[in-house]
Amino acid sequence: MTFSAPDGSRLVQDIEKAGFYPQLVTDVVRDSLDGRRPVSHLVQLETHFTNTELHRHITALVLAEDVLHITHVDDQQVDDAGAETVARVSTETVPISQIRSVTLSYAYHQPQNYTPGTPIMELNLAVSWTGTQQLELYPAMCEDPECQADHGYSGAAASEDVVMRISSEADGQDAVEGAREFARTLRRANVAPLTDSGAQLAQAPQHQGTARTETPAPRTRFGHRHNGRDTGRSS
C-alpha cells in the first residue's frame, strides 16, 4: 500500500490507513520533524512472506520545509511462538541541499499503443545523498559451456540511499501518480527553497531598503510555526 498527498496535509491519515503501528510511526515522525511543517509525503507499507513467517515494514518520506525526513519501521519476532515482538525504528533527516539526485524510472504497458495520458504501469523512485554504493555481485559466466575455470565475479554498483517501487497493479494508479508528484516536488525543492504553501520561492538579490514579509504557516496536526518558532503542537 502506498499513499501520498501533494501538500502533506494527509500525512497522519495516510499513516493510519497503512495500519502498521500507526501511533508509533506518527509519534516518531512528529518527533523527527521537530516542528517543521510537512510539505509533501510518500508512505509505503510492504509485506513479505517466507515459508513460515510474515514480515511487514513501513517507510515514510516526508518533505518538510528545508529537509527530507526518512522513517523506516519493521517488526521482529523474538521468540519461536511469536508472542514477543520488537519494533525496530530508524530515522534520518537530510538537508535538501545535500540531495545529489532524484531518479525516476517508468514502465509502460504495450508502448506501441502509447498516447499522451497513457497511465504509468510502474514507477521506481531513487533518492541519493551520501553516495553510498550498493554492490550486486554474481559469478561471471563463460561463453564456453565446457569451461570449468573460475572467472571471478561481475556486477553493478549503484549510488542509492532510498529506493521505492510503486506499481499500479499492486498499489493503484493514484499511488503511482502520487509518488510521481512527490518526486517532482522534491526535485523542485532541490533547486529552489519551498514556501510554506509548498511553492517555489525565487532567490532574488536583497537590496537595501527592501522589506521582506513572510506569511506564518497555518496550524497543522504536526504543530504551528509562527515567525520561525514552534508555538505548540496539536494532537
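That block above? That's the structure.
Residues numbered from 1 in each chain as written. Predicted model: local features only at pLDDT ≥ 70, side-chain atom pairs only at ≥ 80, totals over all residues. Heavy atoms only, no water.

Colleague: Got a sec to walk through the overall build of the chain? Specific residues and values, please.
Modeller: The secondary structure content of the chain amounts to 4 helices and 12 strands. At a minimum sequence separation of 6, the contacts of the chain that also span at least 24 residues come to 58%. Total accessible area computed for the chain in this model is approximately 14,500 Å², and 47% of it derives from carbon and sulfur atoms. (Helix = DSSP H or I, 4+ residues; strand = E, 2+ residues; numbered from the N terminus. Contact = heavy atoms within 4.5 Å. Areas by Shrake-Rupley, 256 points an atom, 1.4 Å probe, with all protein chains shown as cover.)

Colleague: Now, about helix α2 (residues 22-33): what can you tell me, with residues and values included?
Modeller: If you check α2, its first and last C-alpha atoms are 16 Å apart, about what 12 residues at 1.5 Å a residue would give, namely 16 Å. Contacts from the buried residues of α2 go to α1 (11-18), β3 (54-64), β4 (67-77) and β5 (85-95). Backbone geometry just after α2 places D34 at a positive phi near 55 degrees. (Expected span 1.5 Å × (residues − 1).)

Colleague: Outline the nonpolar core, supporting the account with residue identities and numerical values.
Modeller: Counting 25 residues, the largest nonpolar core has L61, L68, L125, V127, F182 and L186 as the members making the most contacts within it. If one sorts the elements of this core by residue count, helix α4 (residues 173-191) sits on top with 7 residues. Residues within four places of L186 in sequence aside, it is in contact with L63, L68, I99, V102 and V127. In this structure, I15, L33, V62 and V73 belong to the second largest nonpolar core, which totals 16 residues. (Core = buried A, V, L, I, M, F, W, Y, C linked by side-chain atoms within 4.5 Å. Buried < 20%, exposed > 50% of the residue type's maximum accessible area, 1.4 Å probe, protein only.)

Colleague: Residues and numbers for the sheet that holds β4, please.
Modeller: Pairing within the open sheet is antiparallel, and its 5 strands lie in the order β1-β2-β3-β4-β5. A strand with exactly one partner marks an edge of an open sheet, and here the two such strands are β1 (2-5) and β5. Each neighbouring strand pair of the sheet contributes to a mean axis angle of 10 degrees, computed without reference to strand direction. The pairing of β3 with β4 spans 8 bridges and is antiparallel. Residue pairing for β4: V62 is matched across the bridge by H69. With respect to the sheet, α1 is in contact with β1, β2 (40-49) and β3, its orientation differing from that of β2 by roughly 5 degrees. Along the sheet, α2 contacts β3, β4 and β5; its crossing angle with β4, the most-contacted strand, is approximately 150 degrees. (Pairing = 2+ DSSP bridges. Axes fitted to C-alpha atoms, helices over the stretch in contact; angles between N-to-C directions.)

Colleague: Mind laying out the sheet that holds strand β6 (residues 101-107), listing which residues take part and the relevant values?
Modeller: Read from one edge of the open sheet, 3 strands run β6-β7-β10, paired in antiparallel fashion. Edge positions in the open sheet fall to β6 and β10 (162-167), since each of these has one partner strand only. Looking at each pair of strands side by side, their axes are set apart by 15 degrees on average, direction ignored. Bridge count between β6 and strand β7 (residues 122-128): 7 bridges; the pairing is antiparallel. When the bridges of β7 are listed, V102 appears paired with V127.

Colleague: A description of the packing of aromatic side chains should follow, citing residues and the corresponding values.
Modeller: Summed over the entire model, instances satisfying the criterion amount to 2 aromatic pairs. Consider the rings of F20 and Y21, whose centres lie 4.6 Å apart with planes at 55 degrees: the pair is tilted. (Phe/Tyr/Trp six-rings, centres within 6.5 Å; stacked < 30°, edge-to-face > 60°.)

Colleague: With reference to specific residues and values, describe the side chain of S4.
Modeller: Within the fold, S4 resides in strand β1. Using a relative accessible area of 11% as the deciding quantity, one classes S4 as buried. One polar contact links the side chain of S4 to the main-chain carbonyl oxygen of G178, over a distance of 3.3 Å. When neighbours within four sequence positions are excluded, S4 is seen to be in contact with R10, D14, H41, L42, G178 and A179. (Polar contact = N/O pair within 3.5 Å; in protein donor to acceptor, adjacent residues only side chain to side chain.)

Colleague: How would you summarise the side chain of E122 if you had to cite specific residues and measurements?
Modeller: Considering the arrangement of structural elements, one finds E122 in strand β7. Among the polar contacts listed, one links the side chain of E122 to the side chain of R165, at a separation of 2.9 Å. Excluding anything up to four places from it in sequence, E122 contacts S105, Y106, A107, R165, I166 and S167.

Colleague: For unusual backbone geometry, give the residues involved together with the corresponding values.
Modeller: Although it is not a glycine, Y21 adopts a positive phi angle of roughly 45 degrees. Looking at the secondary structure, you find Y21 in the loop between α1 and α2. On the basis of relative accessibility, which here comes to 33%, the residue Y21 falls in the partly exposed class. Backbone geometry at D34 places phi at a positive 55 degrees, although glycine is not the residue there. Along the chain, D34 turns up in the loop between α2 and β2.

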